[in-house]
Amino acid sequence: PFYVMEYLQGISLSDVIRKQHLTLPRFLSFIRQISLGLQSAHDGIMVDGKICPIIHRDIKPSNMLVIQDASFGELVKVLDFGIAKLL
């Protein structure tokens, strides 16, 4: 078995925070995107015909990647589900 992930180029949120102060609108955009990503994981995935929620268990700025998207602008992706737990 194997899984495939999309290739992403960006900068970690921890690096973004270290290099500059975030404006309030940018901060709120990041928080909203992170929250939506975690909500999607908590909503679960289908495993053997059953919905299994995913708990990330390692939320921190270095596990968030800020990327530039031609259509949507600045996007935050939640990464590193290495110690995530399926419920």
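Just so you know, these numbers come straight off a predicted model, no measurement behind them.

Draft legend 1. Layout of the pattern of salt bridges. Per the stated rule, a full pass over the model turns up four salt bridges. D15 serves as the salt-bridge partner of R18, at 2.7 Å between the closest nitrogen and oxygen. You can see R18 and its partner D15 sitting in helix α1 (residues 13-19), three residues apart, about one turn around the helix. Of the charged contacts, one joins R26 and E74 as a salt bridge, the two residues approaching to 2.7 Å between their closest N and O atoms. In this pair, R26 sits in helix α2 (residues 24-43) while E74 sits in strand β6 (residues 73-78), placing the two residues 48 residues apart along the sequence. Residue class for R26 comes out buried when judged on its relative accessible area of 19%.

Draft legend 2. Structural view of the layout of surface pockets. When its volume is computed, the largest pocket comes out at roughly 340 Å³. Here the second largest pocket defines a volume of roughly 170 Å³. Forming the boundary of the second largest pocket are G37, S40, A41, I45, I54, V78 and F81. Ranked by residues supplied to the lining of the second largest pocket, first place goes to α2 with three residues. Residue composition of the lining of the second largest pocket, grouped by class: five nonpolar, two polar and no charged.

Draft legend 3. Spotlight on unusual backbone geometry. The backbone of D48 sits at a positive phi, close to 50 degrees, despite the residue not being glycine. Phi at R57 takes a positive value of approximately 70 degrees, unusual for a residue other than glycine. Take R57: it is sitting in the loop between β4 (54-55) and β5 (64-69). In this structure R57 comes out as exposed when scored by relative accessible area, which is 51%.

Draft legend 4. Structural context of the sheet that holds strand β1 (residues 11-12). A sheet is described by the order of its strands in space; here three strands give the open sequence β1-β5-β6, paired in antiparallel fashion. The open sheet has two edge strands with one neighbour each: β1 and β6. Alignment of β1 against β5, held across two bridges, turns out to be antiparallel. Residue pairing across strands places I11 opposite V66, the latter belonging to β5. On the sheet, α2 packs against β5 and β6 and is oriented at approximately 40 degrees with respect to β6.

Draft legend 5. Looking closely at the pairing of β6. Judged from the six bridges that link them, β5 and β6 form a sheet pairing that is antiparallel. Looking at β6, one finds that M64 is bridged to V78.

Calculation rules
- Residues numbered from 1 in each chain as written.
- Predicted model: local features only at pLDDT ≥ 70, side-chain atom pairs only at ≥ 80, totals over all residues.
- Heavy atoms only, no water.
- Salt bridge = Lys/Arg side-chain N within 4 Å of Asp/Glu carboxyl O.
- Helix = DSSP H or I, 4+ residues; strand = E, 2+ residues; numbered from the N terminus.
- Buried < 20%, exposed > 50% of the residue type's maximum accessible area, 1.4 Å probe, protein only.
- 1 Å grid on protein atoms, 1.4 Å probe; cavity = no way out; pocket = protein on both sides within 12 Å on 5 of 7 lines; lining within 4 Å.
- Points joined across faces, edges and corners; volume = space filled by probe spheres on them.
- Nonpolar A, V, L, I, M, F, W, Y, C, P; charged D, E, K, R; others polar.
- Pairing = 2+ DSSP bridges.
- Contact = heavy atoms within 4.5 Å.
- Axes fitted to C-alpha atoms, helices over the stretch in contact; angles between N-to-C directions.

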